[in-house]
Amino acid sequence: QVYAVESGGGLVQAGDSLTLSCTGSGRTFTNYGTAWFRQGPEKAREFVAFINWSGDITSYDDSVKGRFAISRDNAKNTVYLLMNDLKPDDTALYSCARELRIGVFDNWGQGTQVTVSS
């Protein structure tokens, strides 16, 4: 089964903005928090941002705090990541996943590539 599909990535220049979307299959995300992760070339996957089901709790990695904003539209089963002031270090494959329980994520999407040139 495909549980989540990411979209919105692309090639941009430093300082540009992009909005990524993560759409769950059916009601995959219902009552679950969701997070964005990223993995750059030859790097481990790292946490980017989290939002709970009701949308009133968010958290961000320090590297993106103040530049990225996570949000969701539960009627569309979609979680968004608004990325502002992109930097070359943001270049990575961005994936979303639901939080099955605290600290455990599943239903990963295949990811969408973001490439930021200097």
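Our subject in this report is the structure included herewith. Quick caveat: nothing in here was measured; it's all calculated off a predicted structure.

1. What about the nonpolar core?
Line of reasoning, step 1. If you look at the biggest cluster of nonpolar residues, it comprises 22 residues, and the most contacted ones within it are Trp 36, Val 48, Phe 68, Leu 81, Met 83 and Tyr 94.
Line of reasoning, step 2. Every element with two or more residues in this core is listed here: strand S3 (18-24), strand S5 (46-51), strand S7 (68-73), strand S8 (78-83), strand S9 (92-101) and strand S11 (112-117).
Line of reasoning, step 3. Excluding residues within four positions of it along the chain, Tyr 94 makes contact with Glu 6, Leu 20, Trp 36, Phe 37, Arg 38, Val 48, Phe 68, Leu 81, Met 83, Gly 111, Thr 112 and Val 114.

2. What about the side chain of Asp 106?
Line of reasoning, step 1. Relative to the helices and strands, Asp 106 resides in strand S10 (residues 104-106).
Line of reasoning, step 2. Judged by relative accessible area, Asp 106 falls into the buried class, the value being 19%.
Line of reasoning, step 3. Separated by 2.7 Å, the side chains of Asp 106 and Arg 98 make a polar contact.
Line of reasoning, step 4. Ignoring sequence-local partners within four residues, the contact set of Asp 106 consists of Ala 97, Arg 98 and Leu 100.

3. What about the packing of aromatic side chains?
Line of reasoning, step 1. For the structure shown, the criterion picks out three aromatic pairs.
Line of reasoning, step 2. Ring geometry for Phe 37 and Phe 105: centres 5.0 Å apart, planes at 80°, overall edge-to-face. With a gap of 68 residues between them, Phe 37 in strand S4 (residues 34-39) and Phe 105 in strand S10 connect regions that are remote in the sequence.
Line of reasoning, step 3. Residues Phe 37 and Trp 108 carry aromatic rings whose centres are separated by 4.9 Å and whose planes lie at 55° to one another, so their mutual orientation is tilted.

The rules we used
- Residues numbered from 1 in each chain as written.
- Predicted model: local features only at pLDDT ≥ 70, side-chain atom pairs only at ≥ 80, totals over all residues.
- Heavy atoms only, no water.
- Core = buried A, V, L, I, M, F, W, Y, C linked by side-chain atoms within 4.5 Å.
- Buried < 20%, exposed > 50% of the residue type's maximum accessible area, 1.4 Å probe, protein only.
- Helix = DSSP H or I, 4+ residues; strand = E, 2+ residues; numbered from the N terminus.
- Contact = heavy atoms within 4.5 Å.
- Polar contact = N/O pair within 3.5 Å; in protein donor to acceptor, adjacent residues only side chain to side chain.
- Phe/Tyr/Trp six-rings, centres within 6.5 Å; stacked < 30°, edge-to-face > 60°.

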